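# Observations on the three-dimensional arrangement
Single-letter residue listing:
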Amino acid sequence: MSVPVFIGDELTCAGFRLAGLDVFEAAPENLEADFRHALEAAPMVIITTGVAAALPRSLVEAAMRRARPPVAVVPAAVGGPPMPDVEHEVRAALGVES
C-alpha cells in the first residue's frame, strides 16, 4: 500500500514526514515533475499554497477537479501565501454578502 505524498517547504515537510507521508521539498527546477509523478503514484497528494502558486494554475485545477488522487492545498508551517477565504467566496457567490 502506498502512502500519501506531500510537496512543500523544508519545515512543513519535516512535520508531514513525521506523520508518515512521503515528502518532496519544493525545488523549483523539479516542482512540476514531482507533482506529476505524485499524481500518478500516490493515493493522495498534499501541497502547500506556495507550491500551488508556483505550479501552472491549469495543472493544479485539473488535478483537483479530477480528484484521482485527491489533491489538498494547505498553508505552509511558516510564511507563504495565505489560504483563500472559502467561506467569503461561497457567501459572495450565493449573494449573501458582497
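Look up: the structure comes first, before these words.
Worth saying up front: this structure is predicted, and the values here are computed from it rather than measured.

Where nonpolar side chains cluster on the molecular surface, the patch consists of V86, V90, L94 and V96 and spans about 390 Å² of accessible area. Looking at the secondary structure, you find L94 in helix α5 (residues 86–94).

Along an α-helix, residues three or four apart share an orientation, since each turn contains 3.6 residues. Of all the residues in helix α2 (residues 31–41), the buried ones are L31, D34, F35, A38 and L39. Seen along its axis, α2 keeps its buried residues to an arc of 135°; they face one direction. Summarising the geometry of α2, the exposed residues directed more than 90 degrees from the buried face are A33 and E40. In this fold, the buried residues of α2 make contact with β1 (5–8), β2 (22–25), β3 (45–48), α3 (49–54), α4 (57–66) and β4 (71–74).

Right, let's talk about the nonpolar core for a bit. Within the largest apolar cluster, 16 residues are counted, with the highest numbers of intra-cluster contacts made by I7, F35, V45, I47 and L55. Secondary-structure elements contributing two or more residues to this core are β1, α2, β3, α3 and α4. Looking at which element gives the most residues to this core, the answer is α2, with four residues. One finds C13, L21, V23 and I46 within the second-largest nonpolar core, a separate group that totals five residues.

Ordered in space as β2-β1-β3-β4, the four strands form an open sheet in which the pairing is parallel. The open sheet has two free edges, formed respectively by β2 and β4, since each of these has just one partner strand. The sheet shows a mean angle of 20° between the axes of neighbouring strands, direction not considered. One ladder, built from three bridges, connects β1 with β3; its direction is parallel. Residue pairing across strands places I7 opposite I47, the latter belonging to β3. Against the sheet, helix α1 (residues 10–18) contacts β1, β2, β3 and β4, and its axis sits at roughly 175° relative to β2. Helix-sheet contacts for α2 involve β1, β2, β3 and β4, and the interaxial angle to β1 is about 165°.

Reading the values: the criteria
- Residues numbered from 1 in each chain as written.
- Predicted model: local features only at pLDDT ≥ 70, side-chain atom pairs only at ≥ 80, totals over all residues.
- Heavy atoms only, no water.
- Patch = residues over 30% accessible without salt bridge, like charges linked within 9 Å, V, L, I, M, F, W, Y side chains within 5 Å.
- Areas by Shrake-Rupley, 256 points an atom, 1.4 Å probe, with all protein chains shown as cover.
- Salt bridge = Lys/Arg side-chain N within 4 Å of Asp/Glu carboxyl O.
- Helix = DSSP H or I, 4+ residues; strand = E, 2+ residues; numbered from the N terminus.
- Buried < 20%, exposed > 50% of the residue type's maximum accessible area, 1.4 Å probe, protein only.
- Arc of directions from axis to C-beta.
- Contact = heavy atoms within 4.5 Å.
- Core = buried A, V, L, I, M, F, W, Y, C linked by side-chain atoms within 4.5 Å.
- Pairing = 2+ DSSP bridges.
- Axes fitted to C-alpha atoms, helices over the stretch in contact; angles between N-to-C directions.

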